[in-house]
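# Fold and contact review
Chain by chain, the residues:
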Amino acid sequence: MFRRRATAKSIGRATAIVLVSLYLLLLRGDVFTLNPAQEASSKYAFDLIGWHLSNSMSKWIHRALRTIPGQAISDSERLALVDEYFRLGNVENDIKGRLNVATSRPTETASEVKRLQDELDRVHRLRHDIRNDVEEALESEISSVARAEGLGLVGELVIPPVDVRLVETPKALITSPRDTIVWQDSVLLDPHMSVESREEIEDALLETEDLSALVLDIGGVATYPASVYNGADLNATLSLMAHEWLHHYLFLRPLGQNMFDSPDMHVLNETVADLGGRELGGIARERIEARMPITVPASLGTTSDILDAAPAPANDFDFRREMQETRRAVDALLAGGEVEIAESYMETRRRMFVDNGHPIRKLNQAYFAFNGTYAESPASVNPIGGEVRRLRDLSPDFGAFISLVSGVSNYAEFLDVLSEVEAAGQSN
């Protein structure tokens, strides 16, 4: 039984890798022609295909080794490693904070900086050593939830299999025209880029191409295995993992296959993955909590703003309301052709956000172009967020919701499905 299931899972994973590889190659377009964003950032380009192939092999080798007699570990042992991984994550984040303070003070001794760096390296190695087992435990949990919801089942197998790598995720360069907010191009870049390098690229694209540009941190990329940010807490990590798996799942269905046909379809896909990822991740978290004590705190952020927004300060500042007010004002100014005034206004508002505990490095058209694809993000004024949530609320369960929404090929079809479900609800 074990061998047959393992073989089926390997076949499913191999199939998914082939499909995602083809998808990534198609997204690269004409490899002989670089767009302005690719040209400006070429020396920091992230090798997406190479990363995807090397990490797939690494995970397969570890899984194979665990099947050797005497090397397998129990579910309880894996869950203990999950707890340890995220406990060490808290320690790692604390050391990073102290190291940033130490390196910013000229009076701090070099020996103290070295001590902190050595300790950070030690904790990082400890997390890395148990990462494979932690990934498999979390993958198994999300697979169980997907299976319970009837998603992607071929017999007892979930297709595509949940496959994730916890890593320092690449950064993303996003560009938008200055006179309107539109996601124009995106490029994945080296995850270890300095702030100076990020701003150098952004400034170059502004000066030479008249483009608004932003290099930002992201929570994950739907490679296969998916790359998911390794610095988040357990709750956020599960949500991010489920988010990226839903992209894999949707890629095999009309909604995902038509993701880039229009801005509305892009927003619809991201919003479904965002909302769905939080729901699936939340269920997985509850299942883990029921089987082991959790020592790490839960996250309060949404998938789309885990890496961008700081915890709200202890005052009455309403980040969501103020950000949506900013977006509406910027849209109005750009519609009137007042580009420079809009940019000056965004900088003024950025400083206000920083003063109220939200350290946004740059607030520009590219910022809104990226965050606007997550319709429930504070930076979005798109009605799709409310529409997706309405369909979820009217669906009898999560599996039924995903089944309905994944079958639409365009935004008009989605609205038709929503209208039909609303009409059926009124008649009952």
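Higher on the page you've got the structure.
Residues numbered from 1 in each chain as written. Predicted model: local features only at pLDDT ≥ 70, side-chain atom pairs only at ≥ 80, totals over all residues. Heavy atoms only, no water.

## Structural notes on the sheet that holds strand β6 (residues 211-216)
The three strands are arranged β5-β4-β6 in an open sheet whose pairing can be described as antiparallel. On the outer flanks of this sheet lie β5 (185-189) and β6, each paired with one strand and no other. Averaged over all adjacent pairs, the angle separating strand axes in this sheet is 20 degrees, with direction ignored. Sheet topology places strand β4 (residues 171-177) next to β5; five bridges connect them, and they run antiparallel. Residue alanine 172 lies in a different strand from β5, and its bridge partner there is leucine 188. Against the sheet, helix α6 (residues 195-209) engages β4, β5 and β6, with an angle of about 170 degrees to β6. (Pairing = 2+ DSSP bridges. Helix = DSSP H or I, 4+ residues; strand = E, 2+ residues; numbered from the N terminus. Axes fitted to C-alpha atoms, helices over the stretch in contact; angles between N-to-C directions. Contact = heavy atoms within 4.5 Å.)

## Some thoughts on the sheet that holds strand β8 (residues 226-229)
Here three strands make up an open sheet; going across it, the order is β3-β8-β7 and the pairing mixed. Both edges of this open sheet fall to β3 (164-167) and β7 (220-221), since each of them pairs with a single strand only. In the sheet, β3 pairs with β8 via four bridges, with the strands oriented parallel. The partner of arginine 165 across the bridge, within β8, is serine 227. Docked against the sheet, helix α7 (residues 234-251) engages β3, β7 and β8, running at close to 155 degrees with respect to β8.

## Section: the pattern of salt bridges
Throughout the structure, instances matching the rule amount to 33 salt bridges. A salt bridge links lysine 114 to aspartate 118, with the nearest nitrogen and oxygen atoms 2.7 Å apart. In this pair, lysine 114 and aspartate 118 both sit in helix α5 (residues 110-148), four residues apart, roughly one turn of the helix. On the basis of relative accessibility, which here comes to 38%, the residue aspartate 118 falls in the partly exposed class. Here glutamate 376 makes a salt bridge to arginine 278, at a shortest N to O gap of 2.7 Å. Taken as a pair, glutamate 376 in the loop between α12 (365-371) and α13 (384-394) and arginine 278 in helix α9 (residues 263-289) lie far apart in primary sequence, 98 residues in all. Relative accessible area serves as the criterion here: at 16%, glutamate 376 is assigned to the buried category. On the basis of relative accessibility, which here comes to 22%, the residue arginine 278 falls in the partly exposed class. One network of salt bridges, with partners in common, ties together Asp75, Glu141, Arg287 and Arg291. (Salt bridge = Lys/Arg side-chain N within 4 Å of Asp/Glu carboxyl O. Buried < 20%, exposed > 50% of the residue type's maximum accessible area, 1.4 Å probe, protein only.)

## Some remarks on the packing of helix α3 (residues 48-65) against α5
Running from N to C, α3 and α5 point in directions that differ by 90 degrees, and their axes come no closer than 10 Å. The orientation of α3 relative to α5 falls into the category roughly perpendicular. Between α3 and α5, the residues in contact are Lys59, His62 and Arg63 and Asn132, Asp133, Glu135, Glu136 and Glu139, respectively. Looking at the contact of α3 with α5 residue by residue, the class counts come to no nonpolar, two polar and six charged. (Parallel < 35°, antiparallel > 145°, perpendicular 65-115°, else oblique. Nonpolar A, V, L, I, M, F, W, Y, C, P; charged D, E, K, R; others polar.)

## Some points on the packing of aromatic side chains
Where two aromatic rings form a pair, the distance of their centres and the angle of their planes describe that pair. Under the counting rule described, the total for this entry stands at nine aromatic pairs. Here tryptophan 183 and phenylalanine 370 contribute two aromatic rings whose centre-to-centre distance is 5.6 Å and whose plane-to-plane angle is 45 degrees, an arrangement assigned as tilted. Of this pair, tryptophan 183 sits in the loop between β4 and β5 while phenylalanine 370 is found in helix α12, placing the two residues 187 residues apart along the sequence. Judged by centre distance (5.6 Å) and plane angle (90 degrees), the ring pair of tyrosine 367 and phenylalanine 368 falls under edge-to-face. What makes tyrosine 367 buried here is its relative accessible area of 3%. Given the relative accessible area of 1%, phenylalanine 368 is considered buried. The structure contains a cluster of three or more aromatic residues connected by ring pairs, namely Trp183, Phe370 and Tyr374. Above the face of the tyrosine 85 ring, arginine 127 is positioned so that its terminal group lies 3.9 Å from the ring centre. The ring of tyrosine 249 is capped by arginine 253, whose NZ or CZ atom sits 3.6 Å from the centre of that ring. (Phe/Tyr/Trp six-rings, centres within 6.5 Å; stacked < 30°, edge-to-face > 60°. Lys NZ or Arg CZ within 6 Å of the ring centre and 35° of its normal.)

## Digging into the side chain of serine 227
Structurally, the position occupied by serine 227 is in strand β8. Judged by relative accessible area, which is 2%, serine 227 ranks as buried. What serine 227 contacts, discounting residues up to four positions off in sequence, is Trp51, Arg165, Val167, Thr169, Pro170, Gly219, Gly220 and Val221.

## A few points about the pairing of β8
Working note: regular strand, side chains alternate between the two faces of the sheet. Residues Ala226 and Val228 line one face of β8 and the alternating positions Ser227 and Tyr229 line the opposite face, and both faces are buried. Across two bridges, the pairing between β7 and β8 is antiparallel. Counterpart to glycine 220 in the pairing with β8 is valine 228. The loop that links β7 with its antiparallel partner β8 comprises four residues.

## Some thoughts on the nonpolar core
Grouped together as the largest cluster of nonpolar side chains are 52 residues, with contacts concentrated most on Leu138, Trp245, Leu268 and Ile402. Excluding residues within four positions of it along the chain, leucine 268 makes contact with Leu255, Ile384, Val388, Val408 and Phe414. One finds Leu216, Phe317, Val330 and Ile360 within the second-largest nonpolar core, a separate group that totals 26 residues. (Core = buried A, V, L, I, M, F, W, Y, C linked by side-chain atoms within 4.5 Å.)

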